[in-house]
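Structural overview for review
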Amino acid sequence: MAAVSLVRCERGSARDVAPDWMRQELRTGTTIMAVEFDGGVVIGADSRTTTGAYIANRVTDKLTPIHERIFCCRSGSAADTQAISDAVTYQLGFHSIELDEPPLVQTAANLFREMCYRYREELMAGIIVAGWDKRRGGQVYTVPVGGMLTRQPVSVGGSGSSYIYGYVDSNYRAHMSKEECLQFTAQALSLAMERDGSSGGVVRLAVISEHGVERRVVAGNQLPSFSAI
Amino acid sequence: MNEATQYKLKLERLGYHQFRTMERHPTNYLCKGVSTGTTILAVKFNGGVIIGSDSRASVGGSYVSSKVINKLIQIHDKIFCCIAGSLADAQAVTKMAKFQLSFHSIQMDSPPLVKAAASVLKELCYSNREDLEAGFITAGWDKKRGPQVYTVSMGGMLLSQPFTIGGSGSTYIYGYVDAKYKPDMSREECLQFATNALALAIGRDNVSGGVAHLVVITEGGVEHVVVPGEKLPKFHDE
C-alpha cells in the first residue's frame, strides 16, 4: 500500500532553477606562491576563477601590484581580495607620499594584516605579499585566512597549495638563483594545477627586484607535465 | 643616528604609533575530510612493491591514542593492505577478507592473486557502501602478474595503479609523488621515495606521525622496514 505524505510546496522562484554558477559567489580557488632569492622575489599564480563549477575567467591575473615594487597574490573570495587590495593600495600610496620614499614590504604586509584581522568574520581572503625594498631586499609575507602575519622564505597559498607542500618542502633550497626560483615556482604551480580542480589555465610569474618588475606567462602547452598514471 | 632610528622618528612625526598586536592563530574554515588521520602509500618498483604508512592513531585530531600502531595488515602471505577511514570498519572488513581469501586459496590450491584480494575487499566495500566508511590500498606479489598495487576507494571502486597514496596526509604529497615517481625504480630508490613521501606528509599533517612502517614485498618474500621518527629525512626548514 503506497504511503502518501503531504509535503508543503513553496512556490519556486527563478533562483531555484538557476544553474549553480549563477548562485555561487565568485572565488579564486587557486594556487599562489612566492619565493625569496638573493636580490628579489619570484611570485606566481594560476589563472582560474570559478563560480561553482563554471570557470568565470580562465586567464585571470591574480598578481596584483600594490606599489611599484610590492605585489600581492590573492586567494579566496575574488570580491573580498579585490576590495582589500584596492584599500591597501590607496593607504600605501598615501603613506609613501608622506614619507617621500618607497614603502617597506613589511608596511604593506601589515596593512593587509590589519584589514584581514579586523574584519576576519566577514572576509574570506588568503593573501601573500611579496616585494623588494632597499632595507631588507626581497621579502615574502603571508597573511592567511584569519589575519595572521608571518614572513617566510617560501610561501604557498590557495586551495591547490595543499597538494604541493611536500614538493615545496623537499625541493626548496636557500640561496637559489633567479632562474632556479622561476623554474621551481613554475613546476610547483603545474603540479598543483594538475591535481586541484579550482586551479588551472596558465601560470603567471613575476620577478620583483631592485631593477623593477619582470612579468612572464607560461601557457598550458608549455607547462611541464608529470602524469605517470 | 642610524637609518632605522631615523625611519622610526619619521613615522612618529607623521603620527604612526607602533602597536604590539597579539597574533592570533587563524581558525580553520575548511571542513574536515572523511579520511582518518593517516598517510598511506603503495609503490611498484622493478621486481616488487613497497607498501607504507605512518603509525599514529588519533581521536578528534587532538589526542594521539597510539604512537606506534601498525596499519599494514597482512591478508595473505604476499598480500598486504592498509586502511584509510574508520578503524573499526577497516578491522571488520579485513577480518572478513582474510577469511574469504584463505578459503579461496585452499579451494584453488594456490596462493591467491593480488587482484582477487583487492576484489574481495571491493565486494565488501561496495555491497555495504551505505554503512561503511573505509577505503583500502592493496599491494602484493603473485606469480601471474608480479607486483601490483590496487586501490579500493570508499564507495567501492577498484583501480589498478603504478602507485597510490591515501589518508589525510596524502593531500600534501600529491605534488611530490607526481614529480618524483618514475616507473621501474630499483628497490633502494623506491624505499627512499616512499620514506621521503611519508616524512613530508608527517611534517605537514598533524594527525600523521610516529614512525614510518614500510613493507617490501617481492618474489623472495616479505621484509618489514621501520624508520623511527628521528631517522626520517629532514628538509630545509627543520
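For clarity, every value in this text was computed on a predicted model and none was experimentally measured.

Structural notes on helix α2 (residues 87–108) of chain B
Residue and element names in this part refer to chain B. Across its 22 residues, α2 extends 31 Å between first and last C-alpha, which sits within 8% of the 32 Å expected from 1.5 Å per residue. Among the residues making up α2, those that are buried are Asp-89, Ala-90, Val-93, Thr-94, Ala-97, Leu-101 and Ser-105. Relative to the axis of α2, the buried residues are bounded by an arc of 110° and lie together on one face. Away from the buried face of α2 by more than 90 degrees, exposed residues Ala-88, Gln-91, Lys-95, Phe-99, Ile-106 and Gln-107 are located. Following α2 by one or two positions, Asp-109 has its phi on the positive side, about 55°.

Examining the UniProt feature "active site" (unreviewed entry) in chain A
All names here are of chain A. Here, UniProt's "active site" (unreviewed entry) annotation points to Thr-30. Note on placement: Thr-30 falls in the loop between β1 (27–28) and β2 (32–37). Dropping the residues within four chain positions of it, Thr-30 is found in contact with Asp-46, Lys-62, Arg-74, Ser-75, Gly-157, Gly-158, Ser-159, Gly-160, Ser-161, Asp-196, Ser-198 and Ser-199.

Remarks on the UniProt feature "active site" (unreviewed entry) in chain B
Residue and element names in this part refer to chain B. In the UniProt entry, the feature "active site" (unreviewed entry) is given for Thr-38. With respect to the helices and strands, the residue Thr-38 is situated in the loop between α1 (3–14) and β1 (40–45). Judged by relative accessible area, which is 1%, Thr-38 ranks as buried. In this structure, Thr-38 is in contact with Asp-54, Lys-71, Ile-83, Gly-166, Gly-167, Ser-168, Gly-169, Asp-205, Val-207 and Ser-208, ignoring residues within four places of it in sequence.

Considering the environment of Ile-75 of chain B
Residue and element names in this part refer to chain B. Residue position: Ile-75 is located in strand β5 (residues 72–76). You can call Ile-75 buried: its relative accessible area is 4%. For the pair Ile-75 and Thr-94, spaced 19 residues apart in sequence, the C-alpha separation works out to 7.2 Å. If we skip the residues at most four places from it in the chain, Ile-75 touches Phe-80, Cys-81, Thr-94, Lys-98, Leu-101, Ala-117, Leu-121 and Thr-138.

Looking at the nonpolar core
Grouped together as the largest cluster of nonpolar side chains are 56 residues, with contacts concentrated most on Met-33 and Phe-184 of chain A. The biggest single contributor to this core is helix α5 (residues 187–204) of chain B, with 10 residues. Every residue in contact with Phe-184 of chain A, bar those within four places of it in the chain, is listed here: Met-33, Val-35, Val-154, Tyr-167, Val-168, Asn-171, Tyr-172 and Met-176 of chain A. One finds Val-93, Ala-97, Ala-134 and Val-152 of chain B within the second-largest nonpolar core, a separate group that totals 20 residues.

Parameters and conventions
- Residues numbered from 1 in each chain as written.
- Chains lettered and ligands numbered in written order.
- Predicted model: local features only at pLDDT ≥ 70, side-chain atom pairs only at ≥ 80, totals over all residues.
- Heavy atoms only, no water.
- Helix = DSSP H or I, 4+ residues; strand = E, 2+ residues; numbered from the N terminus.
- Expected span 1.5 Å × (residues − 1).
- Buried < 20%, exposed > 50% of the residue type's maximum accessible area, 1.4 Å probe, protein only.
- Arc of directions from axis to C-beta.
- UniProt positions renumbered as here; feature names shortened; annotations may be inferred.
- Contact = heavy atoms within 4.5 Å.
- Core = buried A, V, L, I, M, F, W, Y, C linked by side-chain atoms within 4.5 Å.

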